[in-house]
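A look at the structure
Given next are the chains, with one letter for each unit.
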Amino acid sequence: MIDENWSEFMDQVIEDSLTNKPEAVDGYWCDDCDIFIAGDEYDEQPSYECGSCGEQFLREDSYSGDNHQCPSCMKFASKLVDIACPECISGELREYQAYENSNGEWVEKL
Ligand SMILES: [Zn+2]
Ligand SMILES: [Zn+2]
């Protein structure tokens, strides 16, 4: 006697293997360093460049942790970009949907 649940389970496995496409992830892309950053790993924040010592930093790395004060010399810095790349600081992120291919690379979902 064939177990009903088992045959339902196998139908589901077969269906999954036919329709199993990688799931797209909402995130950001940096054109400067060609990286994808998943949306849940990043909070949008601006970056700044200090006119006094030249340091570039993210808002969360500022002197106070939440303003545009240079962490090195405490002078107020001017804004570089609105949605800053956490890798290169000066790159601006754009919204991007991607999925991971079988090589572990992020590919834009078209
Ligand atoms: Zn500075
Ligand atoms: Zn970047």
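In what follows, the accompanying structure is described. Everything numeric in this text was worked out from a predicted model, so none of it was measured.

1. Observations regarding the coordination of the zinc ion (ligand 2)
All of the protein donors around the zinc ion (ligand 2) are C30 (SG), C33 (SG), C85 (SG) and C88 (SG); their distances to the metal are 2.1 to 2.3 Å. Considering all four donor atoms around the zinc ion (ligand 2), angles at the metal cover 105 to 118 degrees and the coordination shape is tetrahedral. Coordination of the zinc ion (ligand 2) draws on donor residues from a single chain, spaced C-x2-C-x51-C-x2-C in sequence. Remark: C85 occurs in the loop between strand 5 (78-81) and strand 6 (93-100) and C30 occurs in strand 1 (residues 25-30); sequence separation between them is 55 residues. Comparing C30 with C85 shows no difference in burial state: the two are buried.

2. A few points about a nonpolar patch on the surface
A cluster of nonpolar side chains, contributed by W6, F9, M10 and V13, occupies part of the molecular surface with about 390 Å² of accessible area. Mapping F9 onto the fold places it in helix 1 (residues 4-19).

3. Some points on the coordination of the zinc ion (ligand 1)
Each angle at a metal carrying four tetrahedral donors should ideally be 109.5 degrees, and each at a metal carrying six octahedral donors should ideally be 90 or 180 degrees. In the first shell of the zinc ion (ligand 1), the protein supplies C50 (SG), C53 (SG), C70 (SG) and C73 (SG), at 2.2 to 2.3 Å from the metal. For the zinc ion (ligand 1), the four donor atoms are set out with angles of 102 to 123 degrees between them, so the coordination reads as tetrahedral. Every donor residue of the zinc ion (ligand 1) comes from the same chain, spaced as C-x2-C-x16-C-x2-C. Linking C53 in the loop between strand 3 (47-49) and strand 4 (56-58) with C73 in the loop between strand 4 and strand 5, this pair joins segments that are 20 residues apart in sequence. For C73, a relative accessible area of 26% corresponds to the partly exposed category.

4. Quick look at a negative patch on the surface
Taken together, the side chains of D26, D43, E44, E60, D61 and E95 define an acidic patch exposed on the protein surface. Within the secondary structure layout, E95 lies in strand 6. Take E95: its relative accessible area is 62%, and that puts it in the exposed class.

5. Let's talk about the nonpolar core
Counting residues in hydrophobic clusters, the biggest one holds eleven residues: Y28, C30, I37, Y42, L58, V81, I83, A84, C85, I89 and L93. Those residues in contact with Y28, other than ones at most four positions away along the chain, are I35, F36, I37, G39, Y42, E44, I83, L93, R94, E95 and Y96.

6. Considering the sheet that holds strand 3
Taken together, the three strands give an open sheet; going across it, the order is 4-3-5, and neighbouring strands pair in antiparallel fashion. The strands lining the two open edges of the sheet, one partner per strand, are strand 4 and strand 5. Adjacent strand axes in the sheet meet at a mean angle of 40 degrees, parallel and antiparallel pairs treated alike. Here strand 3 pairs with strand 5 via three bridges, running antiparallel. Bridging from a neighbouring strand, E49 pairs with S78 of strand 5.

Parameters at a glance
Residues numbered from 1 in each chain as written. Chains lettered and ligands numbered in written order. Predicted model: local features only at pLDDT ≥ 70, side-chain atom pairs only at ≥ 80, totals over all residues. Heavy atoms only, no water. Donors = N, O, S within 2.8 Å, 3.2 Å for Na, K, Ca; no water. Tetrahedral: all angles 85-135°; square planar, octahedral: opposite > 155°, others 65-115°. Helix = DSSP H or I, 4+ residues; strand = E, 2+ residues; numbered from the N terminus. Buried < 20%, exposed > 50% of the residue type's maximum accessible area, 1.4 Å probe, protein only. Patch = residues over 30% accessible without salt bridge, like charges linked within 9 Å, V, L, I, M, F, W, Y side chains within 5 Å. Areas by Shrake-Rupley, 256 points an atom, 1.4 Å probe, with all protein chains shown as cover. Salt bridge = Lys/Arg side-chain N within 4 Å of Asp/Glu carboxyl O. Lys, Arg positive; Asp, Glu negative; His and termini not counted. Charge placed at Lys NZ, Arg CZ, Asp CG, Glu CD. Core = buried A, V, L, I, M, F, W, Y, C linked by side-chain atoms within 4.5 Å. Contact = heavy atoms within 4.5 Å. Pairing = 2+ DSSP bridges. Axes fitted to C-alpha atoms, helices over the stretch in contact; angles between N-to-C directions.

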